[in-house]
Amino acid sequence: MVIEEWKKSGIATKFPTYRNSALITTHSWQKGKRQDDRAEGLWRINDGIYDFTSFIDKHPGGPFWIRETKGTDITEAFEAHHLTTAPEKMIAKYKVRDAAEPRIYTLTLEEGGFYKTLKERVREQLKTIDQRPKKKSDLIHLGLIVSLYLLGIASAKYNSLLALVLAGVALCWTVIVSHNYFHRRDNWHMYAFNLGLMNFAAWRVSHALSHHIYPNSYFDLELSMFEPLLCWVPNPHIKSKLMRYVSWVTEPVAYALAFFIQIGTRIFYSLRHTNILYWHDLLPLTIPIAIYLGTGGSLGIWICVRQWLAMTSIASFSFCLIGLNAAHHDPEIYHEGDANREDRDWGLFQVDTIIDRGDLKWSQFLVLTHFGDHVLHHLFPTLDHGLLPALYPVLYQTLDEFKGHLRECNHIEHMIGQHKQLLRIEPNPRAPGAGK
């Protein structure tokens, strides 16, 4: 079968099946990946087929990660989520055979390559670094959770617009900091992510397994889920230049409605197709309930609901304003269709798809609430953000050895770059690392 030129992926030998779905969701992404990945109905790591069925409930990180990845290639996810060498030794007993066909993904994780070299150095560095910043992250998260409820109550009780805005921002920051936790083994912090009408289980798929592994590619669900409202792939077949200018007008509306669109899409898909809702989708209702109880029941329930919806809209807008201008969209970094680096190392690919927020590094609070230290987070997603600053020396050392480059800018520069990327329709012909 001949692939149309514009559908050719820079990181795989085929166009992802899920992108042909009428409604793109985490479930359709998983379904398409099972069709594409040549995992033979089990779990694939490199060129081996593994049967982890008996291990699902024994997995230290929780059953979700194993259960939801059955039938797919988990090579990069396995590598990025396990820093020690023990898991690689442990899985040998679960191997059932060699894969019948080669992998569809063209990124590499070779011994002596950038990522494996960096990972080994990070593993050694972690033995000596101060672990106390992890506790600080926990306290920041807890403080934000408490503040969003208190500010929500105050906004309704005193009819305060300022308190309402602050409550919305606190909700936004709570959701963002919760993202620090859902990459890891199951923990209570991850449930706070759901307070923004999104769901950590869905985002473990769309963010941790899709976006983190295949950023800025056709396989990145966080690109496709925004289309056609916002399109960052430089391809006129997906969205014309004229319609990209329209994106500048519709963008604020998309920001304010993003949280509601997420839950609405999941409800619609659950009613029409397969249920993808969970009991913890009800957690956002604790906010209007707290507002009602916190005001002594003196306000009608619908006023409390209205206050909650306003908070959520402010949080949604703030989340997108921060998140979509945090790291990944600028004409200078790799997007699907651009020329590829000659070295196909997965870790270098991650670096090539990110511009970090250099203006945040002085504050752990700002890093946590604004998706800071993004390159290191993509490379080692299970590490607490509080530990990442100590890893910069080995990151810079390894980047120098492998001709990688860590780009940085401030938030305003990011916003300008992101809007330029929305308009870009021509691929970048110069590969990352190719020089001027």
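Residues numbered from 1 in each chain as written. Predicted model: local features only at pLDDT ≥ 70, side-chain atom pairs only at ≥ 80, totals over all residues. Heavy atoms only, no water.

Within an unreviewed UniProt entry, the label attached to the chain reads Cytochrome b5-related protein, and the organism entered is Drosophila mauritiana. What UniProt records for the chain under Function (unreviewed entry) is the sentence "May play a role in muscle cell metabolism." (UniProt positions renumbered as here; feature names shortened; annotations may be inferred.)

1. What about the packing of helix α10 (residues 241-272) against helix α17 (residues 411-423)?
Two elements in contact, α10 and α17, have axes whose closest approach is 8 Å; the angle formed by their N-to-C orientations is 135 degrees. One element, α10, and the other, α17, form an angle in the oblique class. Between α10 and α17, the contacting residues are K241, R244, Y245, W248, E251 and Y255 on the first element and Q418, H419, Q421, L422 and L423 on the second. Of the residues that constitute the contact of α10 with α17, the class distribution is five nonpolar, three polar and three charged. (Axes fitted to C-alpha atoms, helices over the stretch in contact; angles between N-to-C directions. Helix = DSSP H or I, 4+ residues; strand = E, 2+ residues; numbered from the N terminus. Parallel < 35°, antiparallel > 145°, perpendicular 65-115°, else oblique. Contact = heavy atoms within 4.5 Å. Nonpolar A, V, L, I, M, F, W, Y, C, P; charged D, E, K, R; others polar.)

2. Thoughts on the packing of aromatic side chains
Going through the model one piece at a time under the given rule, you end up with 26 aromatic pairs. Each ring, one from F15 and one from Y218, has its centre 5.0 Å from the other, and the planes form 70 degrees; the classification is edge-to-face. Of the two residues, F15 sits in the segment before α1 (26-36) while Y218 sits in the loop between α8 (200-211) and α9 (221-224), which places them 203 residues apart along the sequence. Taking relative accessible area as the criterion, F15 reaches 12% and is therefore assigned buried. On the accessibility criterion, Y218 (2% relative accessible area) is buried. Taken together, a centroid distance of 5.7 Å and an interplanar angle of 10 degrees make the contact between Y50 and F52 stacked. Its relative accessible area of 10% is what places Y50 among the buried residues. (Phe/Tyr/Trp six-rings, centres within 6.5 Å; stacked < 30°, edge-to-face > 60°. Buried < 20%, exposed > 50% of the residue type's maximum accessible area, 1.4 Å probe, protein only.)

3. So, the confidence of the model for the chain
Per-residue confidence for the chain gives a mean pLDDT of 93; residues scoring 70 or more make up 98%. At the level of individual helices and strands, the chain shows its lowest average pLDDT in α10, which scores 90, and its highest in strand β3 (residues 72-73), which scores 98. (pLDDT = per-residue confidence, 0-100.)

4. Some words on the UniProt feature "transmembrane region" (unreviewed entry) in the chain
As recorded in UniProt, the feature "transmembrane region" (unreviewed entry) lies at residues 139-156, 162-182, 245-269 and 289-309. Helix makes up 81% of residues 162-182 and strand 0%, with an end-to-end C-alpha separation of 31 Å. Structurally, residues 289-309 is divided into 71% helix and 0% strand, and its ends, taken at the C-alpha atoms, are 12 Å apart.

5. A few points about the domain arrangement of the chain
Assigned domains within the chain: domain 1 (5-107) and domain 2 (108-435). Each of domain 1 and domain 2 has a C-alpha centre, and these two points are 23 Å apart. Each side of the interface is counted separately: domain 1 has 44 residues, and domain 2 has 53 residues. One can count three salt bridges joining domain 1 with domain 2. Taking the shortest distance from any N to any O, the salt bridge between E79 and K119 comes out at 2.8 Å. The interface formed by domain 1 and domain 2 contains 18 residue pairs in polar contact (both at pLDDT 80 or more). Listing elements by their share of the side of domain 1 that touches domain 2, those giving two or more residues are α1, α2 (63-67) and α3 (75-81). Looking at the side of domain 1 that touches domain 2 residue by residue, the classes come out as 19 nonpolar, 16 polar and nine charged. (Domains from an automatic or database assignment. Salt bridge = Lys/Arg side-chain N within 4 Å of Asp/Glu carboxyl O. Polar contact = N/O pair within 3.5 Å; in protein donor to acceptor, adjacent residues only side chain to side chain.)

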